[in-house]
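# Descriptive structure summary
The residues making up each chain are set out below.
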Amino acid sequence: MSVQLPPATEPVPGPVPPGDPEGRTAKARTSRLRLTARRFARNRLALFGLVLLVLLFLGAYAGPFLTKWDYQQHDYMNFLSDPSGDHWWGTTQGGVDLFSLTMRGLQKSLVIGLLVGVISTFLAATVGAFAAYFGGWTDRVLMWVVDLLLVMPSFLIIAVLSPAFRGATWLIFVFLLGAFSWMITGRVVRSMTFTLKDREFVKAAKYMGVPAPVIIFRHILPNMASMLIIDAVIQVGAAVIGESSLSYFGFGVQAPDVSLGTVIAENTTNASTYPWLFFFPAGCLVLIGVSISFVGDGLRDALDPNAAGAKARSSRKKKQLGQARPASGAVVPAQPAASDTTRRAAPAASADSQDAVS
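Right, let's get into the overall build of the protein chain. Per the secondary structure count, the protein chain includes 14 helices and 0 strands. In the protein chain, the succession of helices and strands from N to C terminus is α-α-α-α-α-α-α-α-α-α-α-α-α-α. Residue burial in the protein chain is summarised as follows: out of 358 residues, 36% are buried. As displayed, the protein chain has an accessible area near 22,200 Å², and 65% of this comes from carbon and sulfur atoms.

Here helix 2 (residues 44-62) crosses helix 3 (residues 98-134) at 125°, and the two axes come no closer than 8 Å. Put simply, helix 2 runs oblique to helix 3. As for how helix 2 packs across helix 3, the hand of that crossing is left-handed. Across the interface between the two elements, Leu56, Phe57, Gly59, Ala60 and Tyr61 of helix 2 pack against Met103, Leu106, Gln107, Leu110, Val111 and Leu114 of helix 3. A class-by-class count of the residues in the contact of helix 2 with helix 3 yields 9 nonpolar, 2 polar and no charged.

As for its placement among the helices and strands, Asn267 is situated in the loop between helix 11 (260-266) and helix 12 (276-303). With residues up to four places along the chain from it excluded, the contact list for Asn267 reads Thr92, Leu98 and Leu277.

Each aromatic ring pair is characterised by the separation of its centres together with the angle its planes make. Within the structure shown, the criterion is met by 12 aromatic pairs. Note on Tyr248 and Phe249: the rings are 5.3 Å apart at their centroids and 85° apart in plane angle, and the pair reads as edge-to-face. We classify Tyr248 as partly exposed; its relative accessible area is 36%. Judged by relative accessible area, which is 53%, Phe249 ranks as exposed. Both rings, one in Tyr274 and one in Trp276, keep their centres 5.6 Å apart while their planes meet at 75°; by these two values the pair is edge-to-face. Given a relative accessible area of 12%, Trp276 falls into the buried group.

Turning to the packing of helix 1 (residues 32-42) against helix 12, a few remarks are in order. It is the contact of helix 1 with helix 12, at a shortest axis distance of 8 Å, that shows an interaxial angle of 130°. Relative to helix 12, the element helix 1 is oriented oblique. Regarding helix 1 and helix 12, the two cross each other, and that crossing is right-handed. Between helix 1, through Arg32, Thr36, Arg39 and Phe40, and helix 12, the contact on the second element is made entirely by Val295, Gly298, Leu299, Ala302 and Leu303. Grouping the amino acids of the contact of helix 1 with helix 12 by side-chain chemistry returns 5 nonpolar, 2 polar and 2 charged.

Grouped together as the largest cluster of nonpolar side chains are 34 residues, with contacts concentrated most on Leu106 and Ile288. Of all the elements, helix 12 adds the most residues to this core, at 11 residues. Discounting chain neighbours no more than four positions away, the residues touching Leu106 are Leu56, Ala60, Leu260, Cys284 and Ile288. Core analysis: the next-biggest nonpolar cluster, separate from the first, contains 21 residues, Val146, Leu149, Phe180 and Ala239 among them.

The next subject is helix 4 (residues 136-151). With 16 residues, helix 4 extends 23 Å from end C-alpha to end C-alpha; this agrees with the ideal 22 Å at 1.5 Å per step. For helix 4, every residue scored as buried is listed here: Thr138, Asp139, Met143, Val146 and Leu149. One side of helix 4 holds all its buried residues, which, seen down the axis, span an arc of 120°. When the buried face of helix 4 is taken as reference, the exposed residues oriented beyond 90 degrees from it are Trp137, Arg140, Trp144 and Val151. Of the surrounding secondary structure, the elements contacted by the buried residues of helix 4 are helix 3, helix 6 (171-179) and helix 7 (183-196).

Let us now look at the environment of Thr138. Note on placement: Thr138 falls in helix 4. Separated by 11 residues in the primary sequence, Thr138 and Val127 place their C-alpha atoms 9.9 Å from one another.

In this section: the environment of His219. Summarising the element assignment, His219 is placed in helix 9 (residues 212-220). Residue class for His219 comes out partly exposed when judged on its relative accessible area of 24%. Taking C-alpha positions, His219 is 8.7 Å from Ala205, a pair spaced 14 residues apart along the chain. Those residues in contact with His219 that lie beyond four places of it in its chain are Phe201, Ala205 and Val214.

The rules behind these values
- Residues numbered from 1 in each chain as written.
- Predicted model: local features only at pLDDT ≥ 70, side-chain atom pairs only at ≥ 80, totals over all residues.
- Heavy atoms only, no water.
- Helix = DSSP H or I, 4+ residues; strand = E, 2+ residues; numbered from the N terminus.
- Buried < 20%, exposed > 50% of the residue type's maximum accessible area, 1.4 Å probe, protein only.
- Areas by Shrake-Rupley, 256 points an atom, 1.4 Å probe, with all protein chains shown as cover.
- Axes fitted to C-alpha atoms, helices over the stretch in contact; angles between N-to-C directions.
- Parallel < 35°, antiparallel > 145°, perpendicular 65-115°, else oblique.
- Left-handed = near helix turned anticlockwise from the far one by under 90°.
- Contact = heavy atoms within 4.5 Å.
- Nonpolar A, V, L, I, M, F, W, Y, C, P; charged D, E, K, R; others polar.
- Phe/Tyr/Trp six-rings, centres within 6.5 Å; stacked < 30°, edge-to-face > 60°.
- Core = buried A, V, L, I, M, F, W, Y, C linked by side-chain atoms within 4.5 Å.
- Expected span 1.5 Å × (residues − 1).
- Arc of directions from axis to C-beta.

What follows is the structure, encoded as structure tokens:
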């Protein structure tokens, strides 16, 4: 005896939300970049630092076009003149317009800081990740190089090597600064790679035959991108201060080019009697450090959901919600209970039903 089963029928598709033919929700998912930008925009100090940094860049590159004086041009009728309509920030001892000279130095300092930040972060990420991923003798050799660079006095080494490159391109000075500013971050990247290389997605890529450099740059380093971005921003500020310090002592940017360090160094002797020669370039240097510090703190809070800034905002919101709710001792107006009405209506309904049966 055979049993015949009913023919299989396809399940009826469920209702499709209006306006979405594929059945997806109409509201798009918020991307991580948009969420990070939203968190960054909530931080007023970070926004102030970003606006200040943008204004410094605009002033450095657009400012020289707003004045008729060049940073190499001398006004022989105005030596050490006060700030005026003709010379906005006054003139130096040689009759050079201080505004044009400072904007030129600001250009060089900002470019050097950005390049050093990118180079040092790239070296730290590459060396730290390769050392931890391969391990063994690779890890020992790379960490020996890191320890050697850490104990070497970078300021003195750059000061000794800079005369050998006098007259050459300033990019050599950039590479020297970047070569001595990545070691601590490299150790942090190495410790994080030790944790990430044992994760399931890294093991799956390794078993599928993906080359090691591809795994490092596509799977491991993107998972620590937030830390690397913050480190790059901090390195920019440190590089600007380091370059200005070396240029102040004559070991950085060489004449005829200028930076903020060389402008400050040339006018330090007249700073007590002609204060604008010192305060304007030194003020630009301070504004760079302050703006980069604010931007770095804002990026840390935006990229890290467990940051102190995010927790403080959430706690304030909870406090506001708690204040909006009525206190425990407050008198709340009584509302008619639905259960009492139901109980009163139930005997009447049962009596009517008994009369109908009888």
